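# Architecture and fold: a report
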Amino acid sequence: MNLILSWTTLLLEWYSTHQRNFPWRETTDPYKVWLSEIILQQTRVSQGLSYYLSFSEAFPKLEDLAKSKEI
C-alpha cells in the first residue's frame, strides 16, 4: 500500500510540475474532450492541436457536427 501511495504521489507531483495547458483540459464539455481523444489517437499533440482548434471552431457543438454535410 505504501509503495502505491508513494508512486501515486510522485506521479501527481511530476504532473503538477510538467503539465501542459491544452483547451480540452480546460473544459468539462464531453464533446470537446471526445473530440480531442479522437484527434489525438491519430497524431501527436503538436500536430493535433491545430486540428482540434479549427475543428472545434467549425463545429463548436455536437449538433453542428451532426448537421454538417459530408464532403
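Now for a look at the structure at hand.

How each quantity is defined
Residues numbered from 1 in each chain as written. Predicted model: local features only at pLDDT ≥ 70, side-chain atom pairs only at ≥ 80, totals over all residues. Heavy atoms only, no water. Helix = DSSP H or I, 4+ residues; strand = E, 2+ residues; numbered from the N terminus. Rg over C-alpha atoms; globule rule 2.2 N^0.38 Å. Buried < 20%, exposed > 50% of the residue type's maximum accessible area, 1.4 Å probe, protein only. Phe/Tyr/Trp six-rings, centres within 6.5 Å; stacked < 30°, edge-to-face > 60°.

Once that is clear, we can look at the overall build of the protein. Along its length, the protein carries 4 helices and 0 strands. Secondary structure elements of the protein, listed N to C terminal, follow the sequence α-α-α-α. Taking 11 Å as the expected radius of gyration for a compact globule of 71 residues, we find that the protein reaches 16 Å, considerably beyond that expectation. Counting only C-alpha atoms and orienting by the principal axes, one finds that the protein spans roughly 55 × 20 × 20 Å. A burial count over the protein gives 14% of its 71 residues as buried.

Let's shift gears to the packing of aromatic side chains. Counted under the stated rule, the structure contains 4 aromatic pairs. Judged by centre distance (5.0 Å) and plane angle (50°), the rings of F55 and F59 are tilted. Grouping aromatic residues by their ring pairs yields a cluster made of F22, W24 and Y52.

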